[in-house]
Amino acid sequence: SQQGEEDPQALSIQEGENATMNCSYKTSINNLQWYRQNSGRGLVHLILIRSNEREKHSGRLRVTLDTSKKSSSLLITASRAADTASYFCATVSQGGSEKLVFGKGMKLTVNP
Amino acid sequence: EAGVTQSPTHLIKTRGQQATLRCSPISGHTSVYWYQQALGLGLQFLLWYDEGEERNRGNFPPRFSGRQFPNYSSELNVNALELEDSALYLCASRLSGANVLTFGAGSRLTVL
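Residues numbered from 1 in each chain as written. Chains lettered and ligands numbered in written order. Predicted model: local features only at pLDDT ≥ 70, side-chain atom pairs only at ≥ 80, totals over all residues. Heavy atoms only, no water.

1. With respect to the overall build of chain B
Condition: Working definition: helices are DSSP H or I runs of at least four residues, strands are E runs of at least two. Numbering for both runs from the N terminus. Restricting the calculation to C-alpha atoms gives the radius of gyration, and the globule rule supplies 2.2 Å times the number of residues raised to the power 0.38. With a 1.4 Å probe rolled over the protein chains alone, any residue whose accessible area is under 20% of its type maximum counts as buried; one over 50% counts as exposed, and the rest are partly exposed. In what follows, residue pairs with any heavy atoms lying within 4.5 Å of each other are defined as contacts. Surface accessibility in these figures is a Shrake-Rupley result with a 1.4 Å probe; residues are shielded only by whichever protein chains are displayed. Counted charges follow a simple rule, with Lys and Arg positive, Asp and Glu negative, and His plus the chain ends left uncounted. For the purpose of locating charges, the reference atoms are NZ of Lys, CZ of Arg, CG of Asp and CD of Glu.
Across its full length, chain B carries zero helices and eleven strands. In sequence order, the secondary structure elements of chain B are arranged as β-β-β-β-β-β-β-β-β-β-β. For a compact globule of 112 residues, the expected C-alpha radius of gyration is about 13 Å, and chain B comes in at 13 Å, within 12% of that figure. Expressed as lengths along the three principal axes of its C-alpha atoms, the size of chain B is roughly 40 × 25 × 25 Å. The proportion of buried residues among the 112 residues of chain B is 50%. Contacts spanning at least 24 positions in sequence make up 51% of the contacts within chain B whose residues lie at least 6 apart. A total of about 5200 Å² of accessible surface is found on chain B, and carbon and sulfur atoms cover 49% of it. In chain B, the 9 positive side-chain charges and the 9 negative ones have mean positions that sit 6 Å from each other.

Have a look at this one:
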């Protein structure tokens with residue numbers, strides 16, 4: 001079963017614009033992670049935010065977490081054509097299963 | 001440092017046959033995860049191995065099985081293949097105590 005659900009499912013923007021992706025989840029979590037996948041290849045970890053954190057930055061990435069709403073957002077600033085990929089949120093639930101559950105993903109297209 | 005390696009890259013089988021996929025984790029990583037990524041369905045958790053033991057299993061029938069060897073490499077077996085088993089199978093490894101998964105490039109299984 002899916003834990004995270006990304007929204008929107010697809011987003012097309014112009015280079016230089018910002019891209020915002022949202023993720024909602026269902027259960028209490030230990031942490032939430034964002035991954036990126038290029039063209040059906042393996043996923044690459046982008047950023048992790050813990051349940052006691054509200055915001056985190058890494059380069060052009062900014063992630064927020066609202067545990068009361070069970071939601072997270074990933075902002076990519078000043079997007080580039082190379083950011084074109086699918087983005088997934090993934091959660092580790094409280095309870096110690098250490099199982100990372102992924103959403104269905106969101107396809108971002110950055111047009112040059 | 002070598003990343004997570006998966007073999008074969010592509011595999012074509014017919015219905016009813018059996019498929020074996022292999023994964024070598026990053027050196028020092030003791031946990032291995034398997035995910036299925038079918039078209040449009042996101043990543044579905046299959047199996048998690050740690051220290052040679054199966055720790056968790058996703059909602060898949062028993063014909064999906066696997067094991068982890070003493071050197072922490074892992075094998076995923078799919079018996080009695082069905083058309084809907086066609087998917088990208090992703091392996092990921094994790095260092096004990098860490099939160100982040102490192103993915104391989106995947107094995108694409110096509111069932112005809």
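2. Quick look at the state of the cysteines
Test applied: When two cysteine sulfur atoms are found within 2.5 Å, that pair is recorded as a disulfide.
Inspection of every chain in the model, using the stated rule, returns two disulfides over all chains. Paired through a disulfide, A:Cys23 and A:Cys89 show a sulfur-sulfur distance of 2.0 Å. Taking the sign of the S-S torsion, 65 degrees for the link of A:Cys23 and A:Cys89, the bridge is right-handed. Taken as a pair, A:Cys23 in strand β3 (residues 19-24) and A:Cys89 in strand β9 (residues 85-93) lie far apart in primary sequence, 66 residues in all. In this structure, A:Cys23 and A:Cys89 share a single accessibility class: buried. Put simply, B:Cys23 and B:Cys91 are joined by a disulfide, and their sulfur atoms are 1.8 Å apart. Between B:Cys23 and B:Cys91, the disulfide has an S-S torsion of -65 degrees and is therefore left-handed. Of the two residues, B:Cys23 is situated in strand β3 (residues 19-24) and B:Cys91 in strand β9 (residues 87-94); the sequence distance between them amounts to 68 residues.

3. Describing the pattern of salt bridges
All names here are of chain A. To keep things clear, this is the line we draw: Salt-bridge detection follows one rule: a side-chain nitrogen of Lys or Arg within 4 Å of a carboxyl oxygen of Asp or Glu.
In the structure shown here, the tally under the stated rule is nine salt bridges over all chains. The closest approach of N and O atoms between Lys56 and Glu53, which form a salt bridge, is 4.0 Å. For Lys56, a relative accessible area of 28% puts it in the partly exposed group. Close ionic contact of Asp83 with Arg60 constitutes a salt bridge, the shortest N to O distance being 2.9 Å. Of this pair, Asp83 sits in the loop between β8 (71-76) and β9 while Arg60 sits in the loop between β6 (55-58) and β7 (61-66), placing them 23 residues apart in sequence. Given a relative accessible area of 7%, Asp83 falls into the buried group.

4. As for the interface of chain B and chain A
The test is simple: In short, buried area is how much 1.4 Å probe accessible area vanishes from two parts on joining, totalled over both. Each polar contact in these results corresponds to two N or O atoms within 3.5 Å; when the atoms are within protein, one needs to be able to donate a hydrogen and the other to accept it, and residues that are neighboring in sequence are counted only if both atoms are side-chain atoms.
Taken residue by residue, the interface counts 20 residues in chain B and 21 residues in chain A. Between chain B and chain A lies a buried interface of about 1600 Å² when both sides are counted; carbon and sulfur atoms form 51% of it. Together, B:Leu43, B:Asn99 and B:Phe103 form the three largest contributors to the area buried by chain B at its contact with chain A, with a combined 29%. If you look at where chain B meets chain A, you find zero salt bridges. Between chain B and chain A we count five residue pairs in polar contact (both at pLDDT 80 or more) in total. If you list the elements that add at least two residues to the side of chain B that touches chain A, you get β4 (31-37), β5 (43-50) and β9 of chain B. No other element matches the four residues that β5(B) contributes to the side of chain B that touches chain A.

5. Quick word on the sheet that holds β7(A)
Residues and elements named next belong to chain A. The condition is simple: Following DSSP output, two strands are said to pair if at least two bridges run between them. In this description, a line fitted to the C-alpha atoms serves as the axis of each element, helices being fitted only across the stretch in contact, and the angle between N-to-C directions of two axes falls anywhere from 0 to 180 degrees.
Strand order in the open sheet formed by five strands is β1-β3-β8-β7-β6, with antiparallel pairing between adjacent strands. Every other strand in the sheet has two partners, leaving β1 (5-7) and β6 as the edge strands with one partner each. Strand after strand, the sheet turns through a mean of 20 degrees between neighbouring axes, direction not considered. Pairing analysis gives three bridges linking β1 to β3, with the strands arranged antiparallel. Within β3, the residue paired with Asp7 across the bridge is Asn22.

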